Amino acid sequence: MNVDFTKMAHGLIPAIIQDSETKNVLMLGYMNEESLQKTIETQKVTFFSRSKQRLWTKGEESGHFLNLVSIKNDCDEDTLLIQARPVGPTCHTGADTCWQEENAESYGFLSTLEKTIKIRRDNADSEQSYVASLFAKGINKIAQKVGEEAVEVVIEAKDDNDDLFLSESADLLFHYLILLQAKGYQLADVVEVLKKRQK
């Protein structure tokens, strides 16, 4: 890996730290050649601290280390993307990230959809909201609906209409997310089970 430490002042380059699992950005630090080498050797992310004017291993005092997973260089060879596994919070304030955000795994649109389902379950009038009306009818009705949608996916899978197959698949996934919440779970709980099964 070629890293150009000469482009920036004092031979320092930015290092973006990303959680290797959640993909959330945890912090930004600066590295010189020596701190990069120490990071590689110790497998613990080490910066050059501009305030302390010395090498600084994240967590050396708090125990909240950043265990190295991978290092990538950008196209200009002057910025690093470091994936790490954090041990505890990353920010000195005690927050998960230096942007005061929770370092939770997100599934993009599906996570947004889960939040929408929760809002409609908690706040909507069952006469106005389809989601609220399903929750009002109880777990048996929700489970039945998932079963119906699953059967429809199987039927459409055997035909040649891709639009119908995808539409029924979307219905199944939507109702499955409702069922998960009715049972007190989220998609993240299912993903955790799948991760444990991974070899």
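Quantities reported herein were computed from a predicted structural model and do not represent experimental measurements. (Residues numbered from 1 in each chain as written. Predicted model: local features only at pLDDT ≥ 70, side-chain atom pairs only at ≥ 80, totals over all residues. Heavy atoms only, no water.)

Structural notes on the overall build of the protein
Put simply, the rule is: We count a stretch as a helix when DSSP gives it H or I for four or more residues in a row; a strand needs E for two or more, and each element gets its number in order from the N terminus. The globule rule used for comparison is 2.2 Å times the number of residues to the exponent 0.38, while the radius of gyration itself is calculated over C-alpha atoms. Only protein chains enter the area calculation, which uses a 1.4 Å probe; residues under 20% of their type maximum are buried, those over 50% are exposed, and those in between are partly exposed. Residues count as neighbours in contact if any of their non-hydrogen atoms are within 4.5 Å of one another. Every accessible area reported is derived by Shrake-Rupley at a probe size of 1.4 Å, with residue values counting cover from the shown protein chains alone. The sign given to each residue is positive for Lys and Arg and negative for Asp and Glu; His and the chain ends receive no count. Charge placement uses NZ in Lys and CZ in Arg. For Asp and Glu, CG and CD serve respectively.
When you go through the protein residue by residue, the secondary structure sums to six helices and six strands. Mapped from its N terminus to its C terminus, the protein presents α and β elements in the order β-β-α-β-β-β-β-α-α-α-α-α. Since a compact globule built from 199 residues should have a radius of gyration of about 16 Å, the 24 Å found for the protein marks it as more spread out than a globular shape. Burial analysis of the protein (199 residues in total) assigns 34% to the buried set. Counted over contacts in the protein with a minimum sequence separation of 6, partners at least 24 positions apart contribute 47%. Carbon and sulfur atoms provide 51% of the accessible area of the protein, an area that totals close to 12400 Å². When the 23 basic and 32 acidic side-chain charges of the protein are each reduced to a single mean position, those positions are 7 Å apart.

Topic: the pairing of strand 6 (residues 80–86)
Our working rule: Strands qualify as paired when DSSP identifies two bridges or more between them.
Sheet analysis places strand 1 (residues 13–19) next to strand 6, joined by five bridges and oriented parallel. Looking across to strand 6, one finds that D19 is bridged to A84. Note that strand 5 (residues 66–73) and strand 6 share seven bridges and pair antiparallel. Its bridge partner being in strand 6, I71 is matched across the sheet by I82. Between strand 5 and strand 6, which pair antiparallel in sequence order, lie six residues; one of them, E77, sits at a positive phi of approximately 60°.

What about the domain arrangement of the protein?
Heads up, the rule is: For the domain bounds, the source is a domain assignment made automatically or taken from a database.
Its domain assignment divides the protein into domain 1 (9–86) and domain 2 (109–197). Computed over C-alpha atoms, the centres of domain 1 and domain 2 are 41 Å apart.

What about the state of the cysteines?
To keep things clear, this is the line we draw: Two cysteine sulfurs form a disulfide in these notes if their separation is within 2.5 Å.
Evaluation of the coordinates by the stated rule reveals zero disulfides. You can see C98 has no disulfide; the closest cysteine sulfur is in C91, sitting 4.1 Å from it. By relative accessible area, which is 35% here, C98 ends up partly exposed.

Topic: the packing of helix 3 (residues 130–137) against helix 5 (residues 162–182)
What counts here: Every angle, taken between N-to-C directions, lies between 0 and 180 degrees, and every axis is a line fitted to C-alpha atoms, over only the stretch in contact when it is a helix. These descriptions rest on fixed angle ranges, namely under 35 degrees for roughly parallel, over 145 for roughly antiparallel, 65 to 115 for roughly perpendicular, and the rest for oblique. Handedness of a crossing follows from how the near helix is turned relative to the far one, being left-handed for an anticlockwise turn of less than a right angle and right-handed for a clockwise one.
With their axes 11 Å apart at the nearest point, helix 3 and helix 5 run at an angle of 45° to one another. Put simply, helix 3 runs oblique to helix 5. Crossing handedness for the pair helix 3 and helix 5: right-handed. On helix 5, the residues that touch Y130, V131, L134 and F135 of helix 3 are F174, H175, I178, Q181 and A182.

As for the side chain of S133
As a reminder of what qualifies: In the analysis that follows, any N or O atom pair within 3.5 Å is treated as a polar contact, provided that within protein one partner can donate a hydrogen and the other can accept it, and provided that, for residues neighboring in sequence, both atoms belong to side chains.
Mapped onto the fold, S133 is located in helix 3. For S133, a relative accessible area of 16% gives the class buried. Side-chain polar atoms of S133 contact the backbone oxygen of Y130, separated by 2.6 Å.

Section: the UniProt feature "domain: Phosphoribosyl-AMP cyclohydrolase" (unreviewed entry) in the protein
The condition is simple: UniProt positions are given in the numbering used here, feature names are shortened, and annotations may be inferred rather than shown by experiment.
Listed under "domain: Phosphoribosyl-AMP cyclohydrolase" (unreviewed entry) in the UniProt record, and renumbered for this structure, are residues 27–100. In this annotation, residues 27–100 is assigned 14% helix and 38% strand; the end-to-end C-alpha distance for the span is 10 Å.

Quick look at the layout of surface pockets
Threshold: Lining residues are those with an atom within 4 Å of a point, where the points come from a 1 Å grid over the protein atoms alone and group into cavities, where a 1.4 Å probe fits but cannot get out, or pockets, open sets with protein on both sides within 12 Å along at least five of seven lines. Grid points are joined across faces, edges and corners, and a volume is the space filled by probe spheres set on the points. Each residue receives one of three labels: charged for Asp, Glu, Lys and Arg, nonpolar for Ala, Val, Leu, Ile, Met, Phe, Trp, Tyr, Cys and Pro, and polar for the others, Gly being one of them.
Quantified by volume, the largest pocket comes out at close to 450 Å³. Around the largest pocket, the lining is made up of 22 residues, and of these M27, K52, W56, K58 and H92 lie nearest the centre. Listed by contribution, the elements that provide at least two residues to the lining of the largest pocket are strand 2 (25–31) and strand 3 (46–49). Per element, the largest residue contribution to the lining of the largest pocket is four residues, and it comes from strand 2. The residue inventory of the lining of the largest pocket, partitioned by class, reads eight nonpolar, nine polar and five charged. Volume-wise, the second largest pocket comes out at about 220 Å³.

A few points about the pairing of strand 3
Covered by surrounding structure in strand 3 are T46 and F48 together with F47 and S49, the residues of both alternating faces. One ladder, built from four bridges, connects strand 3 with strand 4 (residues 54–57); its direction is antiparallel. Within strand 4, the position partnered with T46 by the bridge is T57. What sits between strand 3 and strand 4 in their antiparallel hairpin is a turn of four residues, with Q53 showing a positive phi close to 55°.

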